[in-house]
Structure formats: C-alpha cells, structure tokens
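What the coordinates show
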Amino acid sequence: MKRRLSVAEAVRAASILYELNSKPEGVLALARQAELPCSDPGAEKALLREWRAFVHAAVLYGLMIQAPNIVVVEYLRVTQDMLRHEGYTPDEAERFVDEAFRAYVEPLLRTQTKECPAVFFGRLIGRELADVPPRAAAVVSGVMAMIFAAVLDKLEQYEFAAE
C-alpha cells in the first residue's frame with residue numbers, strides 16, 4: 001500500500017529529492033569525472049547553477065507525471081525559498097528561473113528528457129553535444145538519466161492528496 005502524502009508533504013518530499021540530487025560535493029565530483037570546468041569560483045558557480053536548474057526541472061517533471069497539479073504548482077511556489085536557502089539573491093533567483101530553469105523545462109514539457117544533456121553542455125560550455133568529449137557526454141547523460149529514474153521511482157511510491 002502506498003503512503004498518501006498531503007500537498008505540503010509532497011512538496012517537502014520533492015524538495016528533499018532536489019536537495020539530495022544537487023549537493024555541491026556530488027555535483028563537483030560529477031564534474032571531475034566528466035572533466036568539466038570547475039576549477040575557479042566562477043566556473044564552479046556556473047556548473048552548480050546549471051545542475052541545480054536541471055535537477056529542479058527533473059523533479060518538476062516527475063511531479064507533472066505522478067502528482068496532481070496542485071502539488072506541481074506548490075512545488076514551483078517554493079522555488080524562491082529553495083534558491084534563497086542556497087544563497088541566491090532575488091535577482092540571481094529571478095535569472096535562474098527565467099534562464100537556466102526555463103531552458104530545461106522547455107524540452108521536458110515536450111517529454112524530451114534526452115535533450116537535457118544538450119541543453120546542459122550548450123549552456124555550460126557553449127558546445128553542441130556532438131562536440132563534447134564522448135566520456136563527458138556519457139557521464140553527464142548517464143547521471144541525468146539516473147536522476148530522472150530515481151525521481152520517478154521515488155514519487156511512484158506515493159499517492160498524493162489533491163487538497
């Protein structure tokens with residue numbers, strides 16, 4: 001029997017999925033494995049922004065598939081709080097939503113999860129996926145696929161109240 005979550009509990013569960021999959025130490029380890037630029041503070045900040053935008057969009061995608069619309073809306077509503085908790089200023093948070101997050105949401109609205117690595121590399125290093133070293137593309141694409149699967153698997157374990 002699936003555990004039933006209220007809207008507030010569902011939003012908290014989604015927020016935890018976001019937090020678990022966007023921890024800086026994990027993102028930086030991924031970057032080292034994929035040989036992505038992260039050696040200076042500016043490159044690290046750009047990397048973290050892109051990865052957080054992807055993960056936030058991946059969690060949103062999972063909610064759109066598994067949860068009622070009210071949960072999706074409430075999860076989006078906590079975005080500013082999540083970003084403030086990560087140290088984003090109001091202007092940075094607005095740019096995050098309007099630029100980075102939006103770039104990942106657009107293909108996901110068309111259920112084109114396979115476009116996310118191209119968005120990531122295009123935004124982070126300004127290169128087409130075909131021009132990225134194969135190892136980097138494989139590592140990032142693989143981890144992105146695992147995140148989609150993990151989010152969907154976790155959310156599938158619950159029933160959601162449509163309060």
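The rules behind the values
- Residues numbered from 1 in each chain as written.
- Predicted model: local features only at pLDDT ≥ 70, side-chain atom pairs only at ≥ 80, totals over all residues.
- Heavy atoms only, no water.
- Helix = DSSP H or I, 4+ residues; strand = E, 2+ residues; numbered from the N terminus.
- Rg over C-alpha atoms; globule rule 2.2 N^0.38 Å.
- Buried < 20%, exposed > 50% of the residue type's maximum accessible area, 1.4 Å probe, protein only.
- Contact = heavy atoms within 4.5 Å.
- Polar contact = N/O pair within 3.5 Å; in protein donor to acceptor, adjacent residues only side chain to side chain.

Considering the overall build of the protein chain
Across its full length, the protein chain holds 8 helices and 2 strands. If you list the helices and strands of the protein chain from N to C, you get β-α-α-α-α-α-α-α-α-β. On C-alpha atoms alone, the protein chain measures out to a radius of gyration of 16 Å, which is about the 15 Å that the 2.2 N^0.38 rule sets for 163 residues. Dimensions of the protein chain, computed from the C-alpha atoms along their principal axes, are close to 45 × 30 × 25 Å. Across the 163 residues of the protein chain, 45% fall into the buried class.

Focus on the environment of Trp51
On the secondary structure map, Trp51 appears in helix α3 (residues 41-66). What makes Trp51 buried here is its relative accessible area of 2%. Taking the C-alpha atoms as reference points, Trp51 and Lys23, 28 residues apart in sequence, are found 9.6 Å from one another. Excluding its chain neighbours within four sequence positions, the residues that come into contact with Trp51 are Asn21, Ser22, Val27, Leu30, Phe120, Val140, Val143, Met144 and Ile147.

Here's the deal with the side chain of His56
Looking at where His56 falls in the secondary structure, it is placed in helix α3. Owing to a relative accessible area of 1%, His56 belongs among the buried residues under this scheme. What His56 contacts, discounting residues up to four positions off in sequence, is Tyr18, Tyr75, Thr79, Met82, Phe96 and Phe101.

Details of the side chain of Thr79
Here Thr79 lies in helix α5 (residues 79-85). On the accessibility criterion, Thr79 (4% relative accessible area) is buried. Polar contacts involving the side chain of Thr79 include one to the side chain of His56, which spans 2.8 Å.

Distances and angles like these do not, on their own, reveal function.
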